[in-house]
Amino acid sequence: MDKRDDQSVKPTILRGDFSNPPPALAPLCTRPQWAIWRLTWRAGHWTKPPFRCDDPHRFASSADPSSWSSYDAAVAAAAAGDGITYMLTPEDPFAAVDIDHVRDPVTGTIETWAQRLLDQASHSYVELSPSGFGLRIWGTANGEELHRKFELDTAALELFRRTRKPLTVTGLQLGNIDALLDRAIIWAQQRQHKLSKTKPAGSSVTAGTIAQYSIEQIEQIVREGAPDGANRSDTFHAIVGHYLGCGWSVEHIVALLEQHSDGIGGRYLAEGRLAGEVERSAQKYRTIEQPELWSTTDWKQKSEPHKSETEPEPKPELAEDPPIAEPEPEPELEEDPAVAEPGLPPMFAHGDPDPRPVKRWTIRKLMPACGCGLLSGQWGTYKSFMALEIAAAVNDRAAVQHLPGAAPVRRLVPARRRGR
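Residues numbered from 1 in each chain as written. Predicted model: local features only at pLDDT ≥ 70, side-chain atom pairs only at ≥ 80, totals over all residues. Heavy atoms only, no water.

Caption draft 1: Quick peek at the sheet that holds strand β1 (residues 34–37). The 4 strands are arranged β4-β1-β5-β11 in an open sheet whose pairing can be described as antiparallel. What marks the edges here is a single partner per strand, and that holds for β4 (50–51) and β11 (165–169). Two strands pair when backbone bridges link them, and β1 and β4 are joined in this way by 2 bridges, in the antiparallel orientation. Note on β4: the bridge partner recorded for I36 is F51. (Pairing = 2+ DSSP bridges. Helix = DSSP H or I, 4+ residues; strand = E, 2+ residues; numbered from the N terminus.)

Caption draft 2: Representation of helix α5 (residues 215–224) in the model. All buried positions along α5 are accounted for by I215, I218, I221 and V222. What you see down the axis of α5 is that its buried residues fit within an arc of 120°, all on one side. In this fold, the buried residues of α5 make contact with α6 (232–245) and α7 (250–258). After α5 finishes, the residue G225 shows a positive phi value of roughly 105°. (Buried < 20%, exposed > 50% of the residue type's maximum accessible area, 1.4 Å probe, protein only. Arc of directions from axis to C-beta. Contact = heavy atoms within 4.5 Å.)

Caption draft 3: Summary view of the side chain of R52. Note on placement: R52 falls in the loop between β4 and α2 (71–77). Residue classification places R52 among the buried residues on the basis of a relative accessible area of 10%. Polar contacts involving the side chain of R52 include one to the main-chain carbonyl oxygen of S66, which spans 3.4 Å. Among residues more than four places away in sequence, those in contact with R52 are I36, R58, F59, A60, S66 and S67. (Polar contact = N/O pair within 3.5 Å; in protein donor to acceptor, adjacent residues only side chain to side chain.)

Caption draft 4: Broad picture of α6. Its 14 residues give α6 an end-to-end C-alpha distance of 20 Å, which sits within 8% of 20 Å, the value for a rise of 1.5 Å per residue. Those residues of α6 that sit buried are T235, F236, H237, A238, I239, V240, G241, H242 and Y243. The N-capping residue of α6, defined by a side-chain oxygen 3.0 Å from the backbone nitrogen of S233, is N231. Following α6 by one or two positions, G247 adopts a phi angle in the positive range, close to 95°. (Expected span 1.5 Å × (residues − 1).)

Caption draft 5: Broad picture of the sheet that holds strand β9 (residues 146–152). With antiparallel pairing, 5 strands are arranged side by side in an open sheet as β7-β8-β6-β10-β9. Bordering the open sheet on either side are β7 (125–128) and β9, each of which pairs with just one other strand. For this sheet, the mean angle separating the axes of adjacent strands, direction not counted, is 15°. The pairing of β9 with strand β10 (residues 155–161) spans 7 bridges and is classified as antiparallel. Paired with L152 across the strands is A155, a residue of β10. (Axes fitted to C-alpha atoms, helices over the stretch in contact; angles between N-to-C directions.)

Here is the structure:
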């Protein structure tokens, strides 16, 4: 049984310093619409009915102004009860949202859906309920009358506007960030020290800058420029870094930015130095050192056995390739990779070149005739589309090459797909 529903166990009550309420409550404190409340067992659970400040044994009513008192009188009479209550009326410019059973009073964690409501109420006053399990949002409103309650599994949501309702007030404003500030100092110092080791001098490129934007927002920045309040130079470098990470060349990025004179590259385009700025930004990303965790120097050295200075390195014997219908000569074949020590297979980090020899290309310098690869990128970059196009193009190429007198195939995308 929930101890809040056990008559033998009186719930713990949370309350703030009523003599020094949060400034956000000042508009309520000036109105003589106050009462006190006491925990009362009724209908199988604890309730919080309002009582008069001038006679703590008599009930107060939200429909009877004569049963209300000033804020100071309620604070003075609070010793005879468990807390204070504000009487909301249809004439008030205030509204309230009551969210029950969404907070863990031990850890302070809040249900995700309730947190989303709080995010939308970032400019309103939010306080803890007397039990610590709920939240109360106070704000102003001028809409129509609203008095509804929604049962949401084990939680509940109540909405009040232009209606009569006694509402408890604790003064325990949610959002005290003393602990957060203390932790933030330690985290920021450690993070700053780590960045000073991995970030080259003079670089303004900050890892993760672009992570806050979706693909649609990135494309909008390319077309329309940096968002309001964002640093234009840092955003430009972040955009360049994004496309470099997608495998674009500097020339490709320049060609994209040149199409939008009002976009993020507009200033550099007007000054005739767009290509130089893109190259400069790309160079910064190339010079950022990798963390030691991803260093591949050690395993590369271990995987290369000692070579004699006098003994010539043997050339691998390569099977003769069948002729393929390509006008250009095949690329030079590389030597076989060094054999790793027993029990230590070679390891490869993402982006490392593959030292194994390529005997035949399906797509020159992109996809071997036999092997495996990775088609990677952010969501929304048309990976599935490209995989289907490549498969269709390769199939068409194979079919054409088996026809008598077929001419060499020079395209990747089939003719019937051009213009899409």
